[in-house]
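# Working through the structure, step by step
The lines below spell out each chain.
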Amino acid sequence: IKGGKTDAAAQAAASHTGSLTGSDAVLDAAFKRAGVLRVEDIADVFEMADILSKQPLPQGRRLAIVTNAGGPGVLACDALAKNGGLLAELEPTTIEKLNKVLPAAWSHGNPIDVLGDATPSIYANSLAIVAEDKNTDGYLVILTPQAMTAPEACAEALIKYASSTGKPVLSSWMGGPDVAAGAKALREAGIPCYAYPDMACRTFNYMNEYRDTLESNHQSIDMHTQLDQMSEGREEAAKLINSIRSTGRTLMTEAESKKLLKLYGLPVTACEVAQNPKQAGEAADKIGYPVVVKLNSTTITHKFDVGGVKLNLHSRDAVEKAFVEMKESVSRLASPEGFEGVTVQPMISLKGFEIILGSSLDPQLGPVVLFGMGGSLVEVFKDSALGLPPLNANLATKMLHQTKIYEALKGVRGMKGVDTAKLKEVMVRFSVMVVDHPEIMECDINPLIASPDGILSLDSRVLLHPPEMKALPQPAIRPYPYQYVKSHEFAGSKITIRPILHEDEESMKTFYSQASWPTGCNTTSLVHEGGSKPTVDRDHLIRTCFTDFDRSIVLVVESMEGGKKTIWGVGRVSKEHMSKDMIIALQVLPKYAKKGLGRLLAQSLLQAATAEGAAKVKALLNVGNTSALTFVKSLGFVLNRTSDENIVQVSIPIKAQAKL
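Thresholds, definitions, all that
Residues numbered from 1 in each chain as written. Predicted model: local features only at pLDDT ≥ 70, side-chain atom pairs only at ≥ 80, totals over all residues. Heavy atoms only, no water. Helix = DSSP H or I, 4+ residues; strand = E, 2+ residues; numbered from the N terminus. Buried < 20%, exposed > 50% of the residue type's maximum accessible area, 1.4 Å probe, protein only. Contact = heavy atoms within 4.5 Å. Expected span 1.5 Å × (residues − 1). Phe/Tyr/Trp six-rings, centres within 6.5 Å; stacked < 30°, edge-to-face > 60°. Axes fitted to C-alpha atoms, helices over the stretch in contact; angles between N-to-C directions. Parallel < 35°, antiparallel > 145°, perpendicular 65-115°, else oblique. Left-handed = near helix turned anticlockwise from the far one by under 90°. Salt bridge = Lys/Arg side-chain N within 4 Å of Asp/Glu carboxyl O. 1 Å grid on protein atoms, 1.4 Å probe; cavity = no way out; pocket = protein on both sides within 12 Å on 5 of 7 lines; lining within 4 Å. Points joined across faces, edges and corners; volume = space filled by probe spheres on them. Nonpolar A, V, L, I, M, F, W, Y, C, P; charged D, E, K, R; others polar. Pairing = 2+ DSSP bridges. Core = buried A, V, L, I, M, F, W, Y, C linked by side-chain atoms within 4.5 Å.

## Side note on the overall build of the protein
In terms of regular secondary structure, the protein is built from 22 helices and 24 strands. Taking the principal axes of its C-alpha atoms as reference, the protein extends roughly 95 × 70 × 55 Å. The buried share of the protein, reckoned over its 660 residues, is 50%. Once local pairs closer than 6 in sequence are excluded, the contacts in the protein between residues at least 24 apart make up 68%.

Now the structure itself:
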């Protein structure tokens, strides 16, 4: 929970803490990025802490409701649907089983109205039957005090289902003091009990929101990231930005902005700068007609306001005339100094959706990326989503799904859908540009035209921090550490040792299926994970592939085999809690053991640990793993006994890496 959503609350927070609260929407995006569930009320904080400690997360949004009163059941349905929950559609076999234990007048559907005279056994039997229904993801049992109701006995009858269903069980015992004993029994058994069913439904929806956030953060979407392409142009872009800042300027011209975007592989229109009518005409001849002539200025941003845009020009004479007219208009409406020539660009007839893709700064979280409906009415519709850079394919997908325009991008009214994979790549590349260059204060591509025929930036604006600003804002999320990407020659093959990517998950599955545990990798088999043959489940893959590069650096050895990228080895250096030490673990495939690949990977990991500021690198080894002990000693590690006679701690001070 976080205060400061309203202007009044933000001012109160600022006066209390002495600092800005930042945008609430940005903080919401940060919570989602970190897998944090945001709730609205203080009571919700404690309710969610309680239920998450007692009940499993639902695997879907379908809730089955058992009630002895129709009204509360209907109100529960409203509360459920209000925030995305679904009423489970019971299987026919479930209906048949319920027919055998319930009175003929029961509701014959969900909510399951067991009627006002329901006994403890009816409640228990109903829950037991519905718990076997595969169409359900959770259960809410509602009791209202009626003439023949036994609240405490009914509660006692449900206690055995507190954890046996494998799905969350919630309850609502309505009636205050009259049902207090039953409500207490349920809570003590681990079944959350609410005074009203709408509160229970809100909690169920919160649980689903939390699960969705966790799962979506760990979805593996293969965007076929090309590291070379993602990093190319970085140095040229830095030179361009520094050259502009060195003159004292902060506003890039449109031509400079498009050059910057192009260096990151972003699709832009051709853009030729002309300083006189003749040059403008020659540029138009080169590009081809029709063309657009726009004002080139380092001081004026809103070109339309000063007559700085001439559209759909079909001849050289028209272009040269537009130059003269524009110069006169800008000098009259702004200033003669504001006219610094023109840019000539092709007149694009691409029909599609106008998108805005931009970045700005939050006072607390640094650069923020915005995606949404663009064009001249961007401030009116306010259909947008925010994300913290750098993005990946998964995060870009989440941002797309948060906007209303996404439905149109998929195709509407006979129009073909946009290539959303390409659009996501554009978003990712844009976010990489933003984090690569903290000198960028604001950047907007508006409009970015997205159509079935392609994606193209028509106009862009980049605002830089002033040159006197030395402490530049940094992203809240650490960028991909490109500095650890290195190419090597090994056994006649070209390999790359690089930090892991989310989309490496499938390749890692293949790697683990070929690896041997725990000593099959011989000298590089550091038993950091422990145990004999570990189960490589999704949690293990998430810990490996979805590292944040802040607490640990995971490197993989990648090679091309038969035109396909494969992983030959993987290693990790992780920060030890409350220490400057880092823990190392690595493994290579058995067929590459004792051939130098493990040493090469170990060197890369130790170099990364040095760069990360580690004082010492260490690991735990089984005393029986003699090959691994020999290997680490050859690297300069020192062996130390531990309290466990079967385990040896090996360590190397960073300064002792001369052997490497």
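What follows continues from the structure just given.
## Quick look at helix 4 (residues 70-82)
With 13 residues, helix 4 extends 19 Å from end C-alpha to end C-alpha; this agrees with the ideal 18 Å at 1.5 Å per step. Residues P72, G73, A76, C77, A79 and L80 constitute the buried set of helix 4. On the buried face of helix 4, the contacting elements are strand 1 (62-67), strand 2 (86-87), strand 4 (138-143) and helix 9 (197-217). Two residues or fewer after helix 4 comes G84, characterised by a positive phi angle close to 95°.

## Quick word on the packing of aromatic side chains
Considering all chains together, one arrives at eight aromatic pairs under this definition. Centroid distance Y480 to Y482: 5.0 Å. Interplanar angle 70°. Geometry classified as edge-to-face. A centroid spacing of 6.3 Å and a plane angle of 65° characterise the contact between F490 and W568, whose relative ring orientation is edge-to-face. Of this pair, F490 sits in strand 17 (residues 486-490) while W568 sits in strand 20 (residues 564-575), and the two are 78 residues apart along the sequence. Like W568, F490 is buried. Through successive ring pairs, a cluster of aromatic residues spans Y480, Y482 and F549.

## Some details on the environment of T253
Within the secondary structure, T253 sits in the loop between helix 11 (234-246) and helix 12 (254-263). Sequence separation between T253 and I241 is twelve residues, and the spatial gap between their C-alpha atoms is 12 Å. The contact partners of T253, leaving out residues within four places of it in the chain, are N296, S297 and T298.

## Notes on the packing of helix 11 against helix 12
For the pair helix 11 and helix 12, interaxial distance at closest approach is 9 Å and the crossing angle is 160°. It follows that helix 11 is roughly antiparallel to helix 12 by the angle criterion. Crossing hand, helix 11 versus helix 12: left-handed. Touching E236, A237, L240, I241 and I244 of helix 11 are E256, K259, L260 and L263, all from helix 12.

## Here we look at the pattern of salt bridges
Where charged atoms from two side chains of opposite charge approach closely, those side chains can pair. In total, this model carries 36 salt bridges according to the counting rule given. As a salt-bridge pair, D44 and R202 come within 3.2 Å of each other at their nearest N and O atoms. You can see D44 sitting in helix 3 (residues 42-54) and its partner R202 sitting in helix 9, a full 158 residues away along the chain. D44 gets classed as buried once you look at its relative accessible area, which sits at 5%. Under the relative-accessibility criterion, R202 is labelled partly exposed at 32%. The partner of R538 in a salt bridge is E505, and the shortest N-O contact between them spans 2.7 Å. Placement of the pair is R538 in helix 20 (residues 538-545) and E505 in helix 19 (residues 505-514), with a sequence separation of 33 residues. According to the relative accessible area criterion, R538 is partly exposed, its value standing at 36%.

## Quick word on empty space enclosed by the protein
Under the criterion given, the structure shown has three cavities of 30 Å³ or more. Of the volumes computed, that of the second largest cavity is approximately 110 Å³. In terms of lining, the second largest cavity is formed by A29, K32, R33, N217, L386, G387, L388, L391, L395, K398, M399 and Q402. Grouping the constituent residues of the lining of the second largest cavity by class yields six nonpolar, three polar and three charged.

## A short note on the sheet that holds strand 9 (residues 309-313)
Judged by pairing direction, the sheet is antiparallel, and its four strands sit side by side in the order 7-10-8-9 without closing on themselves. Here the strands that pair on one side only, and so sit at the sheet edges, are strand 7 (272-274) and strand 9. Each adjacent strand pair in this sheet contributes to an overall mean axis angle of 25°, direction not counted. The strands touched by helix 12 within the sheet are strand 7, strand 8 (291-295) and strand 10 (342-346), with strand 10 carrying the most contacts at an inclination of about 50°. On the sheet, helix 13 (residues 277-287) packs against strand 7, strand 8 and strand 10 and is oriented at approximately 15° with respect to strand 10.

## Looking at the sheet that holds strand 17
Picture the strands of a sheet paired through backbone hydrogen bonds; they go either parallel or antiparallel. Judged by pairing direction, the sheet is mixed, and its eight strands sit side by side in the order 17-18-19-20-21-22-24-23 without closing on themselves. In this open sheet, the two strands that pair with only one neighbour each are strand 17 and strand 23 (638-641). Neighbour-to-neighbour, the strand axes of the sheet open up by a mean angle of 30°, direction not taken into account. Bridge count for strand 22 (residues 616-622) against strand 24 (residues 647-653) is seven bridges, and the pairing is antiparallel. For A619, the partnering residue across the bridge sits in strand 24 and is V650. In this fold helix 21 (residues 597-611) packs onto strand 17, strand 18 (493-499), strand 19 (552-561), strand 20, strand 21 (581-588), strand 22 and strand 24, with an angle of close to 155° to the strand it touches most, strand 21.

## Concerning helix 2 (residues 24-34)
Within helix 2, burial applies to D24, V26, L27, A29, A30 and F31. Contacts from the buried residues of helix 2 go to strand 11 (353-362), strand 12 (366-373) and strand 13 (384-387). Note on helix 2: the residue one or two positions beyond its end, G35, has a positive phi of about 75°.

## Comments concerning the nonpolar core
Core analysis: the biggest nonpolar cluster contains 96 residues, and L409 and M508 have the highest contact counts within it. Excluding anything up to four places from it in sequence, L409 contacts F353, I355, F371, L400, G417, V418, L423 and A450. In this structure, V114, A124, L127 and V169 belong to the second largest nonpolar core, which totals 34 residues.

## A closer look at unusual backbone geometry
Backbone torsion omega between P389 and P390 reads 5°, so that peptide bond is classified as cis. The residue P390 is located in the loop between strand 13 and helix 16 (393-401) in this model. Even without a glycine there, the phi angle at N312 is positive, about 55°. Topologically, N312 is positioned in strand 9. In this model, M578 sits at a positive phi of 55°, which is unusual for a non-glycine residue. Relative to the assigned elements, M578 resides in the loop between strand 20 and strand 21. Assessed through its relative accessible area of 75%, M578 is described here as exposed.

## A short note on the pairing of strand 18
Burial analysis of strand 18 places five of its seven residues in the buried class, the great majority of the element. Note: strand 17 against strand 18, five bridges, orientation antiparallel. If you follow K486 over to strand 18, its bridge partner there is I497. With antiparallel pairing between neighbouring strands as the criterion, strand 17 and strand 18 make up a hairpin whose turn holds two residues, including A491 at a positive phi of roughly 50°. Here strand 18 pairs with strand 19 via five bridges, running antiparallel. Each residue of the ladder has a partner; that of R498, found in strand 19, is V556.

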